[in-house]
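# Examining the three-dimensional arrangement
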Amino acid sequence: MFDRVNDLSDSLTGGSESEEVDPGELPGLLGDDEEPVYALANGGSIEHTRDGRTTTVEPSGDENAYVVVTDERILYVLGDQPDEAEIEIAMGEFTASHVKKGLLSSKLLVKTYDEEVLFAPDEGDLEATEAYIDTVGTCWADMETALRGARTAISEFEEACASGKTGQNRFLDAKSNLSKARRCSSREDEAPEGKMRARVEAAQTEIEHRYVEAWLDRTAECREALDAAVEEGRYDDACEVYVEATTAAENARDALEKVDDAPEGATDRLDDLESAIRAAGESFLDAADAECESALTAEEPEVAVESWEEAFDRYRAAVDAGWNGHAPVDSAAIEFQLTWVTSSLLDALGSQASMLEAEAEDCADDDRAQEYYDEAIDYVERAAEFAGEHPEHDPAEFESEADRIEDAKLERSAWEFGNV
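Treat the numbers as computed from the prediction; the structure is a model and nothing was measured.

## Digging into the nonpolar core
- Core analysis: the largest hydrophobic core is formed by 59 residues, its most contacted members being Ile46, Ile74 and Tyr76.
- Ranked by the residues each element gives to this core, the list is headed by helix α2 (residues 126-162), at 14 residues.

Structure representation (structure tokens):
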């Protein structure tokens, strides 16, 4: 593979100012921008241990075995297979290296978490090679550890965001790990800072994209849940999800402003989601206003009660959910509207109960009269429930009214059977 590894090693480490490495000597072995730095050779073998099992790798015939150390990897190459590495260790997987000195020869030991390679060179600068591997390999390994930490943190953030929790601290942890990784690239002069920084910047772009997309996905999920809840008449759920959707959209907007590189189309997607959520909120409140109009113009008390109840359910759900100024009414205005709707509903329930009680008193059919009384009591008891949900009203007065009508019913019943 090489005529003399010493010549190659001198040129790699700057020992020979007149000689340069000919890329043709390493056909297909290195990446486009991968730089060879040191080389070692022997006429023997490579000892490789993985998961506790050791094997010996040897070239055929009179070929040599080589170690080629680049700014990215440690390559173990057989002379009869110069286009491919028999064993490859990425610098980011490096955990330790040292020179094992013996009476007859010294060996280079390189370790990762699950393997180790032992090489006894006949040519090349063993001490300088090991020092470079230890120095630069540690920088790469520490950087990769930090990048793994950043990706773990952003994964945990994505899980928290999808479940309705902010997980903001996990995103901050991801950013902190990116900073650690960036510092590793400039820690040692021998480390390929530009190449390592490029790896960090790529990870940063990935993490920032995932951060923004997590909030966008959460916003979209809430919007779909909002539509389903409204359609199914689950107003409490609808309002809770609406508030959650607006909060998620605000966080997504904040995320877009924080990151250096947003995903393509993210701003347009958020604009569309915000418009859809705003429209859903306006539609929800418009429907409540329409029910109020229907109640005010209803000719039948029973119809008015139904409309007031529908409006009450919508406004109460909005207040309970903490509707906070979105689309486009604030919580104080909704609370005021709920107070008015509650009073109107109680009046309508009372009117309906009074009408039914009058019907009972005028009814000649005793059985039908009893039904009128029961219906009147039901309306008054409903009024007591609504009054109990709003502080401006006292349910006790409606409970007393229900007792009074019950007494009237019993009196009519006693009169019917000749007990009075």
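Now that the structure has been shown, we can carry on.
## Points about the pattern of salt bridges
- Evaluated as defined, the whole model comprises 27 salt bridges.
- Among the ionic pairs, Asp173 bridges to Arg170, the shortest N-O distance being 2.0 Å. Separated by 3 residues within a single helix, Asp173 and Arg170 lie in helix α3 (residues 168-185), roughly one turn from each other.
- Residue Asp173 is classed as partly exposed on the basis of its relative accessible area, which comes to 31%.
- Looking at Arg170, the relative accessible area reads 25%, which means it is partly exposed.
- Linking Arg182 and Glu201 is a salt bridge whose minimum nitrogen-to-oxygen distance equals 3.4 Å. With Arg182 in helix α3 and Glu201 in helix α4 (residues 193-231), the pair connects residues that are 19 residues apart, well separated along the chain.
- Since its relative accessible area comes to 34%, Glu201 is described here as partly exposed.

## Brief notes about a negative patch on the surface
- Side chains of Asp378, Glu381, Glu385, Glu399, Asp403, Asp407 and Glu411 sit close together on the surface and give a patch of like negative charge.
- Mapped onto the negative patch, the elements with two or more residues apiece are α9 (366-388) and α10 (395-416).
- For the negative patch, the element with the highest residue contribution is α10, accounting for 4 residues.
- On the secondary structure map, Glu381 appears in helix α9.

## Observations regarding the packing of aromatic side chains
- In total, this model carries 10 aromatic pairs according to the counting rule given.
- Centroid distance Phe157 to Tyr211: 5.1 Å. Interplanar angle 50°. Geometry classified as tilted. Of the two residues, Phe157 is situated in helix α2 and Tyr211 in helix α4; the sequence distance between them amounts to 54 residues. Accessibility classification places Phe157 together with Tyr211 in one group, the buried group.
- Between Phe284 and Trp323, the ring centres sit 6.1 Å apart and the planes meet at 20°, which makes this aromatic pair stacked. Taken together, the residues span a long stretch of sequence, with Phe284 in helix α6 (residues 266-297) and Trp323 in the loop between α7 (301-321) and α8 (331-362) at a distance of 39 residues.
- Overall, the relative accessible area of 3% leaves Trp323 in the buried class.
- One aromatic cluster is present, formed by Phe157, Phe171, Tyr211 and Trp215 through successive ring pairs.
- Its end group placed over the ring of Phe284, Arg314 keeps NZ or CZ at 4.8 Å from the ring centre.

## Remarks on the side chain of Thr342
- Along the chain, Thr342 falls in helix α8.
- Thr342 gets classed as buried once you look at its relative accessible area, which sits at 0%.

## Topic: the sheet that holds strand β2 (residues 46-50)
- As summarised here, the arrangement of the 5 strands in space is β3-β2-β9-β8-β7, forming an open sheet in which the pairing is antiparallel. Only two strands of the sheet have a single neighbouring strand rather than two, namely β3 (53-57) and β7 (96-101). For this sheet, the mean inter-axis angle between neighbouring strands, taken without regard to orientation, is 20°.

## Quick look at the sheet that holds strand β5 (residues 73-78)
- The antiparallel open sheet is built from 4 strands, whose spatial order is β1-β4-β5-β6. The open sheet has two free edges, formed respectively by β1 (36-42) and β6 (87-90), since each of these has just one partner strand. The sheet shows a mean angle of 15° between the axes of neighbouring strands, taken without regard to direction.
- Here β5 runs beside β6; their pairing, made up of 4 bridges, is antiparallel. Along β6, the bridge assignment pairs Leu75 with Glu88.
- Packing against the sheet, α2 makes contact with β1, β4 (65-70) and β5, and its axis sits at approximately 135° to β1.

## Digging into unusual backbone geometry
- With a phi angle near 50°, Asp51 is a residue other than glycine that sits in the positive phi range.
- Here Asp51 lies in the loop between β2 and β3.
- For Asp51, a relative accessible area of 64% corresponds to the exposed category.

## Overview of the environment of Glu357
- Residue placement: Glu357 occurs in helix α8.
- Linking Glu357 and Ala408, residues 51 residues apart in sequence, is a C-alpha distance of 8.9 Å.

## A few points about the packing of α4 against helix α5 (residues 235-258)
- In the contact formed by α4 and α5, the axes pass within 8 Å of each other and the chain directions differ by 160°. Taken together, the axes of α4 and α5 lie roughly antiparallel to each other. The two elements α4 and α5 meet at a crossing, and its hand is left-handed.
- Of the residues belonging to the contact of α4 with α5, the class tally is 19 nonpolar, 2 polar and 5 charged.

About the criteria used
Residues numbered from 1 in each chain as written. Predicted model: local features only at pLDDT ≥ 70, side-chain atom pairs only at ≥ 80, totals over all residues. Heavy atoms only, no water. Core = buried A, V, L, I, M, F, W, Y, C linked by side-chain atoms within 4.5 Å. Buried < 20%, exposed > 50% of the residue type's maximum accessible area, 1.4 Å probe, protein only. Helix = DSSP H or I, 4+ residues; strand = E, 2+ residues; numbered from the N terminus. Salt bridge = Lys/Arg side-chain N within 4 Å of Asp/Glu carboxyl O. Patch = residues over 30% accessible without salt bridge, like charges linked within 9 Å, V, L, I, M, F, W, Y side chains within 5 Å. Areas by Shrake-Rupley, 256 points an atom, 1.4 Å probe, with all protein chains shown as cover. Lys, Arg positive; Asp, Glu negative; His and termini not counted. Charge placed at Lys NZ, Arg CZ, Asp CG, Glu CD. Phe/Tyr/Trp six-rings, centres within 6.5 Å; stacked < 30°, edge-to-face > 60°. Lys NZ or Arg CZ within 6 Å of the ring centre and 35° of its normal. Pairing = 2+ DSSP bridges. Axes fitted to C-alpha atoms, helices over the stretch in contact; angles between N-to-C directions. Contact = heavy atoms within 4.5 Å. Parallel < 35°, antiparallel > 145°, perpendicular 65-115°, else oblique. Left-handed = near helix turned anticlockwise from the far one by under 90°. Nonpolar A, V, L, I, M, F, W, Y, C, P; charged D, E, K, R; others polar.

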